[in-house]
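# Understanding the architecture of this molecule
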Amino acid sequence: MNEIICPNCKKAFKIDESGYADMLKQVRDHQFKEELANRLALAQKEKDSAVKLAEAKIQNTLQEELAEKETEIVKMKSKIDNVKTEIRLEVSQAVEKIEKERDKLIYDLAIRESEKESAIQLAKAKVQNTLQLELAEKDTKILEMNSKLVNAQTESKLEISEVTKKIEKERDDLINDLRLKETEKELLKKSINEQFAQKLIAKDQTIRMKDDEIDRLKDFKQKLSTKMVGETLEQHCEVEFNRLRATAFQNAYFEKDNDSKGGSKGDYIYKEMDEDGNEIISIMFEMKNENDETATKKRNEDFFTKLDKDRKDKSCEYAVLVSLLESENEFYNTGIVDVSHKFEKMYVVRPQFFITVITLLRNAAMNSMEYKRELNLMRNQNVDITNFEEKINAFKNGFAKNYDLASRKFKTAIDEIDKTIMHLQKTKDALLSSENNLRLANNKAEDLTIKKLTRGNPTMKAKFEG
């Protein structure tokens, strides 16, 4: 039972667990609806401001283009007026010049007629012919100037007509572009509204599904103890794996880790071999969960050190923590989380990504198997070369040892022969010395005579004589 204090009357009243949960759900739903309404209003304001900004940009662009076209029209009209004025001025000047020349000729003719009437009459025909020719030339020039004026007016009208048609066409194009922009704006507005509506519908469905899942998990967890919750997560993972073992993981080993000789053990070990008996991948799994009402809340990081030690003790390549801890932490709710920056080859996943992480790591290992095979082949070749070199080295070492032993024996024999030769030489020298002594003794014996023996010895001399 939980004790609640009313914020108005300050009275305390007790409420059971289900009622307390309902009150919390109402407060959370109310806060969520308010937050959702605020975000929807903010999104609507952003959408309206974006649409208005787009309309203002399009309108400014069109106004600038219309202003440029109006400026071009005014410039063309000004040019046409200037051309007309220049043509009229030239025609007027030519007509005035012709009239002045004609008046001058008439005036000269009148003077000549008054002063030299006789001469004029004689040359009258000639003068009249000359005047007629000049007048004809002047008339021809006047006609040519009039023709040029008419042609210039026609050309100016044609140019004005062409420019007007071009401007009208550009104006029509701008109007059509403006209508297309309006249509696109309406379609964009409609598309944005539909997208927002679909997103809202999908968000409502997601929220509804999450609420249902949260209610289901809360109802399920309330019926379990802390130990049962952890065991249920292990059973869930084992059931999910066994459900796909026959089709996807035929050569895989996935059993509980019962070896605690290193002081600790993980929950499950996954290993897979190929047809040649080579290990494809090995993963140490740890499953962690706790009841929402557990007094001491643990974090995922609290189990990283032990999991890394278990991975190394059992010689596994990867370590994966399947965890429902820190359920409000968005870092662990996004999917497969790589924490190898803290511990080598370690990942944290939610239970729904249990099979996914095995599949991803397994596929990556399968892709590297070819390189492993080539590495093993090179390693075996290196082993053969190493064995060959070891045999050669052993032969060389044995041969060198035997050669050294024979060499020492040969040297000893030579030394003994030298010693024997020296001994024989000494015996030879002794024998030669003995022969010399015998020769000297023989010589001395041959030199011995009775005369020499009795010289200076009268007694012996007398005996030998007797």
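Residues numbered from 1 in each chain as written. Predicted model: local features only at pLDDT ≥ 70, side-chain atom pairs only at ≥ 80, totals over all residues. Heavy atoms only, no water.

### Looking at the overall build of the protein chain
The test is simple: Helix and strand assignments come from DSSP, with helices taken as H or I runs of at least 4 residues and strands as E runs of at least 2, each series counted from the N terminus. Three exposure classes are used, based on accessible area relative to the maximum for each residue type with a 1.4 Å probe and protein chains only: buried under 20%, partly exposed in between, and exposed over 50%. Per-residue accessibility takes into account occlusion by the displayed protein chains alone, with areas from the Shrake-Rupley method and a 1.4 Å probe.
Scanning the protein chain from terminus to terminus reveals 10 helices and 8 strands. The burial tally for the protein chain puts 20% of its 466 residues in the buried class. Put simply, the protein chain shows about 35000 Å² of open surface, and 55% of that area lies on carbon and sulfur atoms.

### Notes on a nonpolar patch on the surface
Spelled out, the test is: Like-charged residues within 9 Å of one another, or nonpolar side chains (Val, Leu, Ile, Met, Phe, Trp, Tyr) within 5 Å, are grouped into patches, provided each residue has over 30% relative accessible area and no salt bridge. Only one rule defines a salt bridge in this text: a Lys or Arg side-chain nitrogen within 4 Å of an Asp or Glu carboxyl oxygen.
On the surface, Phe-410, Ile-414, Ile-417 and Ile-421 cluster together to form a nonpolar patch covering roughly 390 Å² of accessible area. Tracing the backbone shows Ile-417 in helix α8 (residues 369-447). Overall, Ile-417 belongs to the partly exposed group, its relative accessible area being 45%.

### A short note on the packing of aromatic side chains
Formally: In summary, the pairing rule links any two rings of Phe, Tyr or Trp, Trp by its six-membered ring, whose centres are within 6.5 Å, and it sorts them by plane angle into stacked for under 30 degrees, edge-to-face for over 60 and tilted for everything else.
Applying the stated criterion to the full structure yields 11 aromatic pairs. Centroid distance Phe-241 to Phe-254: 4.5 Å. Interplanar angle 35°. Geometry classified as tilted. A residue pair is termed long-range when its members are at least 10 positions apart, and Phe-241 in helix α4 (residues 226-248) and Phe-254 in strand β3 (residues 252-256) qualify at 13 residues. Consider the rings of Phe-241 and Tyr-270, whose centres lie 5.7 Å apart with planes at 80°: the pair is edge-to-face. Residue Phe-241 is located in helix α4, and its partner Tyr-270 is located in strand β4 (residues 268-273); the two are separated by 29 residues in the primary sequence. Comparing Phe-241 with Tyr-270 shows no difference in burial state: the two are buried. Within the aromatic cluster, the residues linked to one another by ring pairs are Phe-241, Phe-249, Phe-254, Tyr-268, Tyr-270, Phe-285 and Phe-354.

### Observations regarding the pattern of salt bridges
Pairs may arise between side chains of opposite charge once their charged atoms sit close together. Across all of its chains, the model carries 15 salt bridges by this definition. Measuring nitrogen to oxygen at the nearest pair gives 3.4 Å for the salt bridge that ties Lys-169 to Asp-173. Note that Lys-169 and Asp-173 are positioned in helix α3 (residues 124-222) at a spacing of 4 residues, about one turn of the helix. In this structure, the salt-bridge partner of Lys-309 is Asp-313, at a minimum N-O distance of 2.9 Å. Here Asp-313 and Lys-309 lie together in helix α5 (residues 304-313), a separation of 4 residues that amounts to about one turn. Judged by its relative accessible area of 40%, Asp-313 is partly exposed. A single salt-bridge network, built from bridges that share partners, covers Glu-286, Lys-288, Lys-306 and Asp-310.

### Observations concerning unusual backbone geometry
Of note, the phi angle at Ser-315 is positive, near 55°, even though the residue is not glycine. As for its position among the elements, Ser-315 is in the loop between α5 and β6 (318-323). Despite not being glycine, Lys-345 has its phi angle at roughly 55°, a positive value. Following the sequence through the fold, Lys-345 ends up in the loop between β7 (337-338) and β8 (346-349). Relative accessible area serves as the criterion here: at 30%, Lys-345 is assigned to the partly exposed category.

### Topic: the nonpolar core
Inclusion rule: Here, nonpolar core means buried Ala, Val, Leu, Ile, Met, Phe, Trp, Tyr and Cys residues that are tied together by side-chain atoms lying within 4.5 Å of each other. The contact definition used throughout considers only heavy atoms, calling two residues in contact when any of these lie within 4.5 Å.
Membership of the largest hydrophobic core comes to 25 residues, with the highest contact counts inside it found for Tyr-270, Phe-285, Met-287, Val-320 and Phe-354. Secondary structure elements with two or more residues in this core: α4, β3, β4, β5 (279-288), β6, β8 and α7 (354-367). With 6 residues, the single largest contributor to this core is α7. Not counting residues up to four positions away in its chain, the partners in contact with Phe-354 are Cys-237, Glu-240, Phe-241, Phe-254, Phe-285, Met-287 and Val-322.

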